[in-house]
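The residues making up each chain are set out below.
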Amino acid sequence: MTIRNLDKLLAPASVAVIGASERAGSIGNVLTRNLLAGGFRGPVWGVNPRCGGRVLGIPCFASVAELPAAPDLAVIVTPAASAPELVAALGARGTRAAIVISATREDAGGAAIKTAILEAARPYTLRVVGPNCLGMMVPGIGLNTSFSHLAPLPGRLAFVTQSGAIVTSMIDWAHPRGIGFSHVLSLGDMSDVDIGDMLDYLANDPGTDAVLLYLESVSGARKFVSAARAAARTKPVIVVKGGRFAAGARAAATHTGALMGRDEVYDAVFRRTGMVRVYTLQELFNAAETLGRLRRLHGERLAILTNGGGLAVLAADALAALDGTLTALDETTIRALDALLPDNWSRANPVDVIGDADPQRLARAAAIVAADRNVDALLVVHCPTAVCPGEDAARALIDALAGRRTPELLTSWVGGATALAARDVFAAAGIPTYPTPEQAIRGFMHAVAHARGQRILMETPELAPETRQPEIRVVAELLAEARRAGREWLDAEATRRVLQAYGFETIQAFNVDTAEEAATAASRIGAPVALKIRSPDIPHKTDFGGVVLDLADPGATRAAAEAMRTSIAARLPQARIEGFCVERMVHRPGAYELLLGMSPDPQFGPVLVFGQGGTATETIADTALALPPLNMHLARALIARTHIARLLGGARGKPAANLDAIALALVRLSELVCDFPQIAELDINPLLADAHDVVVLDARIRLDDDVTASGPERLAIKPYPRELEEDVPLADGRVLWLRPVLPEDEPSLRRAFADLTPEEIYLRFFAPIKAMSHAMATRFTQIDYDRQMVLLLTGHGAPGTSEFYGSVNIVCDPDLQRAEYAILVRHDMTGMGLGGLLMRRIIAYAKRRGIGEIFGEVLAQNHNMLNLCTQLGFRIEATAGDPGVVTVRLDLRGAGAG
């Protein structure tokens, strides 16, 4: 459940306070007073058996049953143990949202109480916030169902948090600065309504421009990731994560697991969803200052102007540390400043107007810099001097830039008592202001980081260098054989065959049982060889002397095998020794040893790891994490986040590694992990990479004991649904390919759009559109397969290069209750039954997903589409207010779904 009935929670027509009280200082008293003081215009009722008919001037009733009507929203402030019975009574009356303020304790039956609350709410789809929360505030409608000491001002920022203390701190900070909020939402223990639900709601709220999050944990990883991706694509989402460091580390059987920390996983999640992460409450305040006042940022080129050179240096350093852009000033700007400023001014950005500047010089210089076409944002930093009083300088600056919409203005008036009045002036004018230049830079970079993140996530990925299909059946049989044999770890031969089936190059190797057989294998391979122990009980072979390299001949191999068996038997007497693996030694001067792997996270499922490999990989700890699935673009971004990426580009006379081959290896690893939930952990270390290609030298794969518990839902992001691919034979002998869309399809989609006739465009989009932009194309190609589906009808070939013939798509609501469809068949392919085929396939898919209804809007003149809808069982209804458009609906749970 996600957004269902959240309108009753956040925009109720009526509210009841269960436990409203006249007793001063009680939660029931404070919360009711806050609700009445907020100006909420709907009916407000109290429920308290001892209220005597009225409480704080409003009607009060002895029980839920006696209320005059079902309230949209109920706020429960009675002890938590009473909440399940109250929720059941409210649901039976027709209430669809409740906030449980009261706290529960896990050691005092709290878990049982929360379960009982949910069981009471479930039959009525009644949404529950809490327990253990501060409440909620929606200033725009005067709704304050909290016991906060202050009411937030109305504004366009939403603040969602799991901590009530963070709520009151944010409101207390924002109030004197004039920063307002569209919503302030304390979720508490998140027994039902959680962060993902709120992100889904706020993503589509026109009154919210940006979202601030304080997050401690996530419930429902896939829902959270989908909601975060959807929200961050429409507006900035800034998140601070509490509880970054765990008390203890999980023991790991692989290098990958040992290198994967919980906080690093959250970092990967935030990056993949497009949210901007901050690390402190101060940074969250800075983000509120920036996003609450800054208009839409049109670029990231920053100019800095100051009357104190040292402060400008600090600001420029802070900008460089965050990879910001200090713009170069236009020569026209330089000349204009030359005419205004003393000869010893900086003549560059940052602009130092010199310490003897008065308010007018500072303001006039700022106006000149603001007129520069190379400036997207201007930060003015002021230090207090006798000749340039802070408040006077602030007013002069505002006057000088009055009426100018670009660039964006940020200010930092440094100091204590003398700077306070100036900051109040800026706050009243709606201009972002910060106590220090470093905080100003961080605030600015939050907005920049959002824009950059979205730009990166929306880039069209390049095609993989090859389109070799993985041998899925081969791998399935290898894994099944291992499970039948009771193996948790695949042996070396099976591991090599699994990787080869997904396109990895591995080295020649032989599994043998005895030292004599090892010598024979060395003779067959040819010297030199590597010798490795085979044991399911020794995942890290090097740690126990289980690897010997560069054995020059069969005799040396025999001797090494005998010594290895004796040594390991003495050190690990319980270990099962199955024999040895003899491998061809690979000598590639100038090659790099890399680590590729996957380890499971308890919340977000499989996580991919890339970094520097070799025996010292855990000591060096140069790794980066990413959620699967990956494409070439995301794989390159993962590589770039490591230190070794700089070396891979070529350094100290060593040639650059083949980055395409490394990225392709990561994509293949991602496909393997997505295709086989049985794989619990995977380690490729090292992957040897040079200027030509990559080769796997060693790898390990661990299987999950419970395959059913690790199904497709274990992935935080739903992968490409390969099972929907099918061939479509035509009467003329051609065979088309029906498959889900991929991000790489953008070029062919845009080419196909350019070939559409004006009539086709109008029938599909209801408007004349000259060209499909990149932003428009990404809405069709870069989709969340968990909430949207686009089926393409193309020729066989690589995505983005094959010919496009038609498509059908559905966009689901977050609850998967309804989905809107759209279809397009190329004009020269009509009359072949392809439209009917596409509609039947998307209807079948929607049924399997459990979607209740498919609907769409169709132009009344589109007779072909309306006839097809009639044949498929759609109801056709008039659209209110637009006689030229009809709405078609198909109930997938009723008789018309057949």
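Right, let's walk through the structure included here. (Residues numbered from 1 in each chain as written. Predicted model: local features only at pLDDT ≥ 70, side-chain atom pairs only at ≥ 80, totals over all residues. Heavy atoms only, no water.)

As for the overall build of the protein chain
Secondary structure assignment for the protein chain yields 29 helices and 38 strands. For 898 residues, the compact-globule estimate of 2.2 N^0.38 gives 29 Å, and the protein chain sits close to it at 32 Å. Each of the three principal axes of the protein chain carries a C-alpha extent, and together these read 95 × 85 × 70 Å. Counting only residues that meet the buried cut, the protein chain has 57% of its 898 residues in that class. For the protein chain, the share of sequence-separated contacts (at least 6 apart) that also reach a separation of at least 24 residues comes to 71%. (Helix = DSSP H or I, 4+ residues; strand = E, 2+ residues; numbered from the N terminus. Rg over C-alpha atoms; globule rule 2.2 N^0.38 Å. Buried < 20%, exposed > 50% of the residue type's maximum accessible area, 1.4 Å probe, protein only. Contact = heavy atoms within 4.5 Å.)

Observations concerning the side chain of S102
Tracing the sequence through the fold places S102 in the loop between strand 6 (97-100) and helix 4 (110-121). Residues in contact with S102, not counting those within four places in the same chain, are I76, V77, T78, P79, A80, P131 and N132.

Looking at the environment of G415
Structurally, G415 is set in the loop between strand 19 (408-413) and helix 15 (417-429). Taking C-alpha positions, G415 is 48 Å from S773, a pair spaced 358 residues apart along the chain.

Thoughts on the pattern of salt bridges
What the rule picks out here adds up to 52 salt bridges. The residue E289 makes a salt bridge to R293 at a minimum N-O spacing of 2.9 Å. One end of the pair, E289, and the other, R293, are both in helix 10 (residues 281-293), 4 residues apart, so they sit about a helical turn from each other. In this structure, E289 and R293 share a single accessibility class: buried. The salt bridge partner of R301 is D376, with a shortest N-O separation of 2.9 Å. Highlighted residues: R301 in strand 15 (residues 301-306) and D376 in the loop between helix 13 (359-370) and strand 18 (377-382), separated in sequence by 75 residues. With a relative accessible area of 13%, D376 lands in the buried category. Through salt bridges that share partners, E493, R496, K532, K541, E583 and D698 make up one connected network. (Salt bridge = Lys/Arg side-chain N within 4 Å of Asp/Glu carboxyl O.)

Some remarks on the sheet that holds strand 22 (residues 529-534)
Within a sheet, each strand pairs with its neighbour through backbone hydrogen bonds, oriented either parallel or antiparallel. One open sheet accounts for 4 strands, arranged 21-24-22-23; its pairing is antiparallel. Sheet topology places strand 21 (509-512) and strand 23 (547-551) at the edges, where each strand pairs with a single neighbour. Between one strand axis and the next, the sheet turns by 20° as a mean value, whatever way the strands run. Judged from the 4 bridges that link them, strand 21 and strand 24 (residues 579-584) form a sheet pairing that is antiparallel. Along strand 24, the bridge assignment pairs A509 with E583. Contacting strand 21 and strand 24, helix 18 (residues 492-501) runs over the sheet at an angle of about 150° to strand 21. (Pairing = 2+ DSSP bridges. Axes fitted to C-alpha atoms, helices over the stretch in contact; angles between N-to-C directions.)

Points about helix 29 (residues 863-872)
Along an α-helix, residues three or four apart share an orientation, since each turn contains 3.6 residues. Among the residues of helix 29, those classed as buried are M865, L866, L868, C869 and L872. Projection of helix 29 onto a plane perpendicular to its axis shows the buried side chains occupying an angular sector of 160°, all on one side. With respect to the buried face of helix 29, the exposed residues turned more than 90 degrees away are H863, N864 and Q871. Elements in contact with the buried residues of helix 29: strand 35 (818-825), helix 28 (834-849), strand 36 (853-859), strand 37 (875-878) and strand 38 (885-891). Phi turns positive one or two residues past the end of helix 29, at G873, with a value near 95°. (Arc of directions from axis to C-beta.)

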